[in-house]
Every structure is written in structure tokens, then in C-alpha cells.
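What follows is the residue order along each chain.
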Amino acid sequence: MTDDAVVAAKSALRARLLADRRAVPPDVHDAEAAALAEHLERVAGEATTICAYVPVGSEPGSTAMLAGLARRGARVLLPVVRTENDGTPMALLWGEYRPENLTTARFGLLEPPEPWLAADALTEADLIVVPAVAVDRRGARLGRGAGFYDRSLQLRRPQIPLVAVVRDAELLDELPAEAHDVPMTHAVTPGLGLVALG
């Protein structure tokens, strides 16, 4: 498959999966979010620093995921999205999670306020929880398409788990992938819990 064909296949699949997410009834979303929070607390184990994110809109999960991780005593770092002047995505910056201080940012995201940590703060993480539109059994992740995470995840320590958070139906057998896509080591879904990939 050519690079253009892969990009087109990703775009079509992303649109379909995001439409499916938007159709999930609120009570189902909330029940799945509660299950994901429980699973992630177990997955966190002895991790002392966890890079995570704030689910927004129809994304699986909720801020309960973050609260559960923080309640364990872990330091939770959240991504801060920035671009170059020409709009090119940069590696994510990071800020410490404090529930009362999240602010609305670009793309409808919720982010921690300054002070922010440099992109290489990712090297401090014992666990990295990653948003995904879908993930496959090999570890290929379908994101939103901007490339913020692919630029950032290359900075992690190699042995650190990368856990994609998806709905059960978003764990697929195979996804189109490009050479720059950083593979996930695990997925966590509401019904299946932690699933090893690759």
C-alpha cells in the first residue's frame, strides 16, 4: 500500500470510528469510563510518575481515570499541545495534574496551566497512557492524525509500557500503519481490561 493509500485508509477509518463513538449513549459511556478507571488503577501498579491525558467529548474514559491514579499517590503528568508558528505539531509539553486547575485549550482539550515541563519530562514516566481512536493486536495505534504523540513517544525510555485506551470495539485485528507510528505495548478496554499487544 502506498503512503497516500495508507493515509486515506486511516482517514476513512478514523471518521467511521469517531462517528461510532459519538453514537454511544451517555449511560454506556459512563459505565465504560468507570471500568476503565478501575483497570488503569490496577495497571498503574507501583508507577510513581504516569503520563496520561484528559478524555474529552466522546473519548473513552473520564477524569475519574486521573483521580484514581493520583489517589494512589502517583505524580500524573498531562500533555500540553503546542505548534510551531507555521502550525507544525511539536512534541508535547507536560504539566502536573491538579483537578481544580484544568483549563480549556486548543482542539477542545483540557490542559494544566503553567508552569509546564519540557517534552523530555516523558523520560520520567513509569507508565504512559495514550489516547487512541483504535489500536490493533500488533500495537499499531490510530490517533487523531496530527502527530503530536508520534513526535513525543520517541522520547520515552524503551522499556516503559505504552497503554492505548479504547472501547472494546476499537481493538482491531489490523490497522493501516506508517513507518513513523510508534507501536503500543498494551491496550486497555472497558470489557477486556489490559491486553498485551505485539
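Here, residues in each chain are numbered from 1, in the same order as that chain's written sequence. Two thresholds apply to this predicted model, a pLDDT of at least 70 for residue-level local features and 80 or more for giving and counting side-chain atom pairs, whereas whole-chain, interface and lining totals are computed over all residues. Water and hydrogen atoms were dropped before computing side-chain values, which therefore reflect all heavy atoms in the structure.

**Some remarks on the pairing of strand E6 (residues 127-131)**
Next up, step 1: Each residue is placed in one exposure class: buried if its accessible area under a 1.4 Å probe, protein chains only, is under 20% of its type's maximum, exposed if it is over 50%, and partly exposed if it falls in between. Put simply, DSSP H or I for four residues or longer makes a helix, DSSP E for two residues or longer makes a strand, and each gets a number counted from the N terminus. In terms of residue burial, E6 counts as a mostly covered element, since five of its five residues are buried.
Next up, step 2: Residues Leu-127, Val-129 and Pro-131 line one face of E6 and the alternating positions Ile-128 and Val-130 line the opposite face, and both faces are buried.
Next up, step 3: Following DSSP output, two strands are said to pair if at least two bridges run between them. In this structure, E6 lies alongside strand E9 (residues 162-165), joined through four bridges in parallel fashion. Paired with Ile-128 across the bridge in E9 is Leu-162.

**Remarks on unusual backbone geometry**
Next up, step 1: Across the junction of Glu-114 and Pro-115, the peptide omega takes the value 10°, indicating a cis bond.
Next up, step 2: The residue Pro-115 is located in the loop between strand E5 (110-111) and E6 in this model.

**Some details on the sheet that holds E9**
Next up, step 1: Read across the sheet, seven strands follow the order E3-E2-E1-E6-E9-E11-E12 without closing on themselves; strand pairing throughout is mixed. Each edge of the sheet is formed by a strand with only one pairing partner; in this case those strands are strand E3 (93-96) and strand E12 (193-196). Between one strand and the next, the sheet's axes are offset by a mean angle of 30°, whatever the strand orientation.
Next up, step 2: Here strand E11 (residues 186-189) runs beside E12; their pairing, made up of four bridges, is antiparallel. When the bridges of E12 are listed, His-186 appears paired with Ala-196.
Next up, step 3: Note on contacts: a residue pair is in contact if any heavy atoms of the two residues lie within 4.5 Å. To obtain an axis, a line is fitted to C-alpha atoms, over the contacting stretch when the element is a helix, and the angle between two such axes runs from 0 to 180 degrees between their N-to-C directions. On the sheet, helix H3 (residues 63-71) packs against strand E1 (49-51), strand E2 (75-80) and E9 and is oriented at approximately 145° with respect to E2.

**Some remarks on the sheet that holds strand E7 (residues 134-136)**
Next up, step 1: Here we have three strands laid out as an open sheet, ordered E8-E7-E10, and mixed in their pairing. The open sheet has two free edges, formed respectively by strand E8 (141-142) and strand E10 (171-172), since each of these has just one partner strand.
Next up, step 2: As paired strands, E7 and E8 are joined by two bridges and run antiparallel to one another. Across the sheet, residue Ala-134 finds its bridge partner in E8, namely Leu-142.

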